[in-house]
2 protein chains.
Amino acid sequence: MGFDIKDYLSSRKVLVDKTLLEYLLRFKSDLSKLHESMLYSVMAGGKRLRPILCMASCEMLGGNIEKTFPVACAIEMIHTYSLIHDDLPSMDDDLLRRGKPTNHSVYGEALAILAGDALLTDAFCLIVDEGISLRLTPSLVVSVIKDIAEGSGSHGMVGGQAIDLSLEGSKVVTLEMSERVHSLKTGALIEVSVMTGAKIGGANREQLSQLKSYSKALGLAFQIIDDVLDIEGGREIGKSRGVDVRKKKATYPSLIGVENAKKMAAKLTNEAIDALEDFGSEAVALREIAHYLGGRTY
Amino acid sequence: MGFDIKDYLSSRKVLVDKTLLEYLLRFKSDLSKLHESMLYSVMAGGKRLRPILCMASCEMLGGNIEKTFPVACAIEMIHTYSLIHDDLPSMDDDLLRRGKPTNHSVYGEALAILAGDALLTDAFCLIVDEGISLRLTPSLVVSVIKDIAEGSGSHGMVGGQAIDLSLEGSKVVTLEMSERVHSLKTGALIEVSVMTGAKIGGANREQLSQLKSYSKALGLAFQIIDDVLDIEGGREIGKSRGVDVRKKKATYPSLIGVENAKKMAAKLTNEAIDALEDFGSEAVALREIAHYLGGRTY
């Protein structure tokens with residue numbers, strides 16, 4: 001019996017969508033426009049890669065995936081907030097995201113900023129509220145909150161976005177600088193997804209270190225492939241091709257060429273998979289996710 | 001020997017400024033522009049009312065105020081982020097704040113948005129990192145994080161800002177709607193400041209309930225006076241007068257007249273002070289803060 005990664009990802013996506021919707025509807029109140037705008041972007045689709053990684057990592061260690069739900073969904077809410085803010089006119093000025101109008105083009109700039117702010121803040125609320133009611137210990141909740149805040153704050157995701165911004169149009173971007181941007185902007189939250197899932201699953205120190213290697217390599221491979229797809233990608237990517245080129249963003253393909261970028265992504269994918277060796281057959285999902293992401297053509 | 005509220009507030013402000021700077025410099029790294037922009041707004045002044053309330057509430061109960069530092073500073077970081085985002089062109093479009101150019105007029109809109117995002121996120125990091133090293137129990141840290149996230153998210157501060165936005169220029173704003181906006185937009189974080197300080201100070205349930213009454217009344221009085229000052233205020237307010245009127249914002253003075261608004265603020269100030277009765281002479285600071293804020297003319 002084989003493991004069908006496409007079936008796996010799509011059934012997990014259904015589970016994440018359902019859980020996210022449930023949580024967000026629980027938040028709803030008479031503050032309707034704000035919540036509508038939050039819901040719009042959270043439910044606008046997406047692969048749900050981060051929550052799926054969080055669950056998979058917990059499950060691999062024999063943990064109960066239900067215990068990851070608040071954390072997995074909080075991470076997706078934070079990811080969504082970052083997309084809403086990235087798309088703003090003063091940032092990337094994008095009108096389309098996942099094939100749909102971006103938040104600010106539907107709700108206006110002011111409400112889009114607030115929807116992002118609220119998603120970020122409510123994410124922490126969700127972890128505490130639901131985490132405690134799922135009987136995560138306070139120490140575990142604190143540890144997970146620290147990982148998430150660190151991975152998404154000024155030394156993580158937002159820090160990466162700020163450097164990226166400062167490099168736009170710059171002529172002297174090195175591979176190292178580009179790697180630093182990627183590892184912060186995209187990598188940090190992917191790492192956090194895997195690591196928090198592992199902690200909830202009861203990982204020991206050595207397992208955490210192996211999963212750190214896995215998620216670091218995975219996150220970078222993921223971003224390189226994204227850059228390649230920005231040049232070569234088909235319709236399914238849901239946003240116009242060539243955006244990075246138009247904005248003169250420093251990407252792997254622009255620095256080392258498309259073919260070398262693909263080779264680098266393949267190498268990183270193998271590194272990620274190698275880091276899972278000790279987990280044996282239990283690691284099938286994390287392994288197949290890396291394979292799948294490394295070979296994406298959409 | 002009298003209690004000099006002006007001395008008290010200014011010495012506490014010095015303490016908060018020093019602690020905030022220390023924490024923020026610890027965060028600093030090579031992500032320099034972002035951190036510079038965060039520092040700029042956090043250190044741009046302000047009364048530091050929220051952290052001072054947090055400390056005062058803890059101290060009244062016999063707690064060690066040092067234990068409140070991370071939480072008090074985190075609340076001020078969140079307050080600062082909200083000001084940065086409120087001042088943005090798509091929101092209030094303000095060029096001056098506390099007499100200085102607003103964040104976006106110095107660093108540009110994109111970096112101002114990111115500085116706000118980072119301050120909000122790093123605030124949670126600070127609470128966990130420093131809270132744990134000051135030996136707050138994980139349960140207390142979790143409880144404080146919940147209060148802060150709830151008070152500043154879609155059902156608190158951001159929710160209030162979203163309603164305020166939706167009411168701008170509207171002709172049918174009632175006193176109830178205006179009170180709701182104020183209690184969420186400004187009141188929620190003031191309440192959280194008092195309540196988290198109390199929890200760190202070891203308050204029991206009854207004390208928490210009395211401090212809830214105090215902080216609710218205080219927060220509303222504070223906002224009403226702010227509205228009045230927007231019409232009557234002197235130079236010291238650091239931003240142009242008449243901003244609310246120009247934007248047709250529904251304020252207490254516009255709804256019930258300046259004199260009635262002043263009377264209402266005085267009544268609320270008395271309510272706040274009454275709620276402190278059981279704390280006796282220990283409550284001198286919280287009592288004097290209410291008196292002082294209720295009688296502000298700047």
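Another point: the overall build of chain A. Scanning chain A from terminus to terminus reveals 14 helices and two strands. Taking 19 Å as the expected radius of gyration for a compact globule of 298 residues, we find that chain A reaches 18 Å, a close match to that expectation. Dimensions of chain A, computed from C-alpha atoms along their principal axes, come out at roughly 50 × 50 × 35 Å. Relative to its 298 residues, chain A shows a buried fraction of 53%. A fraction of 72% describes how many contacts in chain A between residues 6 or more apart in sequence connect residues 24 or more apart.

Our next topic: helix α3 (residues 49-60) of chain A. All names here are of chain A. Here α3 spans 16 Å end to end across 12 residues, near enough to the 16 Å set by a 1.5 Å rise per residue. Among the 12 residues of α3, 11 are classified as buried, and the element is accordingly described as predominantly covered. Along α3, the residues that are buried comprise L49, R50, P51, I52, L53, C54, M55, A56, S57, C58 and M60. Count one or two residues on from α3 and you reach G62, which has phi positive near 85°.

Before going further, it helps to examine the environment of V172 of chain B. Residue and element names in this part refer to chain B. Relative to the helices and strands, V172 resides in the loop between α8 (157-167) and α9 (175-200). Its 7 C-beta neighbours within 10 Å are what place V172 among the exposed residues. Along the chain, V172 and C73 lie 99 residues apart, while their C-alpha atoms are 38 Å from each other.

This part covers the relation of the copies chain A and chain B. When chain A is brought onto chain B, the operation consists of a screw motion whose angular component is 180° and whose axial shift is 0.0 Å, with 0.0 Å RMSD remaining. Overall, the copies show the geometry of a two-fold rotation axis. Considering only C-alpha atoms, the part of chain A nearest the rotation axis is P138 of chain A, at 2.7 Å. A symmetric contact is evident, with 100% of the interface residues of chain A recurring at the interface of chain B.

Looking now at the nonpolar core. Core analysis: the biggest nonpolar cluster contains 176 residues, and I145 and A221 of chain A together with I145 and A221 of chain B have the highest contact counts within it. The contact partners of A221 of chain B, leaving out residues within four places of it in the chain, are A265, L268, T269, A272, L293 and G294 of chain B.

Okay, the environment of A56 of chain A next. In this fold, A56 of chain A is placed in helix α3. Excluding its chain neighbours within four sequence positions, the residues that come into contact with A56 of chain A are G197, A285, L286 and I289 of chain A.

This paragraph deals with the interface of chain A and chain B. The parts lose accessible area when they come together, and the size of an interface is often stated as this lost area. Taken together, the contacts link 45 residues of chain A with 45 residues of chain B. Residue assignment for the side of chain A that touches chain B shows that the elements contributing at least two residues are α2 (32-42), α6 (109-133), α7 (138-152) and α8 (157-167) of chain A. If you tally residues by element for the side of chain A that touches chain B, the top one is α6 of chain A, at 15 residues. The residue makeup of the side of chain A that touches chain B, split by class, is 25 nonpolar, 13 polar and seven charged.

With that settled, consider the packing of α7 of chain A against helix α9 (residues 175-200) of chain A. Residue and element names in this part refer to chain A. At their nearest, the axes of α7 and α9 sit 9 Å apart, and the two run at 170° to each other. Taken together, the axes of α7 and α9 lie roughly antiparallel to each other. Residues L140, S143, V144, D147, I148, G151 and S152 of α7 form the contact with α9, whose participating residues are A188, L189, E191, V192, M195, T196, K199 and I200. Of the residues assigned to the contact of α7 with α9, the class counts are eight nonpolar, four polar and three charged.

As a further point, take the confidence of the model for chain A. Mean pLDDT over chain A: 91, with 92% of residues reaching 70 or higher. Interface confidence for the predicted complex, expressed as ipTM, amounts to 0.95; the pTM equals 0.95.

Turning our eyes to something else, we now look at α8 of chain A. Among the 11 residues in α8 of chain A, eight count as buried, and that is most of the element. Residues M157, V158, G159, G160, Q161, A162, I163 and D164 of chain A constitute the buried set of α8 of chain A. Each element contacted by the buried residues of α8 of chain A is listed here: α4 (69-86), α7 and α9 of chain A together with α2 (32-42) and α6 (109-133) of chain B. G169 of chain A lies just past α8 of chain A and shows a positive phi near 80°.

With that settled, the discussion passes to the packing of α8 of chain A against α6 of chain B. Where α8 of chain A meets α6 of chain B, the axes come as close as 10 Å, and the angle between the chain directions of the two elements is 165°. By the angle between their directions, the pair α8 of chain A and α6 of chain B is classed as roughly antiparallel. α8 of chain A and α6 of chain B meet at a crossing whose hand is left-handed. Contacts from V158, Q161, A162 and L165 of chain A of α8 of chain A reach α6 of chain B at A110, L111, L114, D117, A118 and T121 of chain B.

As a further point, take unusual backbone geometry. Residues and elements named next belong to chain B. Not every positive phi belongs to a glycine, and R48 is a case in point at roughly 65°. If you trace the backbone, R48 turns up in the loop between α2 and α3 (49-60). Positive phi, normally seen in glycine, also occurs at D93, with a value near 50°. For D93, a count of 14 C-beta atoms within 10 Å gives the class partly exposed.

Basis of the calculations
Residues numbered from 1 in each chain as written. Chains lettered and ligands numbered in written order. Predicted model: local features only at pLDDT ≥ 70, side-chain atom pairs only at ≥ 80, totals over all residues. Helix = DSSP H or I, 4+ residues; strand = E, 2+ residues; numbered from the N terminus. Rg over C-alpha atoms; globule rule 2.2 N^0.38 Å. Buried ≥ 20, exposed ≤ 12 C-beta atoms within 10 Å, placed from the backbone. Contact = placed C-beta atoms within 7 Å. Expected span 1.5 Å × (residues − 1). Least-squares fit on C-alpha atoms with pLDDT ≥ 70 in both. Core = buried A, V, L, I, M, F, W, Y, C linked by C-beta atoms within 7 Å. Nonpolar A, V, L, I, M, F, W, Y, C, P; charged D, E, K, R; others polar. Axes fitted to C-alpha atoms, helices over the stretch in contact; angles between N-to-C directions. Parallel < 35°, antiparallel > 145°, perpendicular 65-115°, else oblique. pLDDT = per-residue confidence, 0-100. Left-handed = near helix turned anticlockwise from the far one by under 90°.

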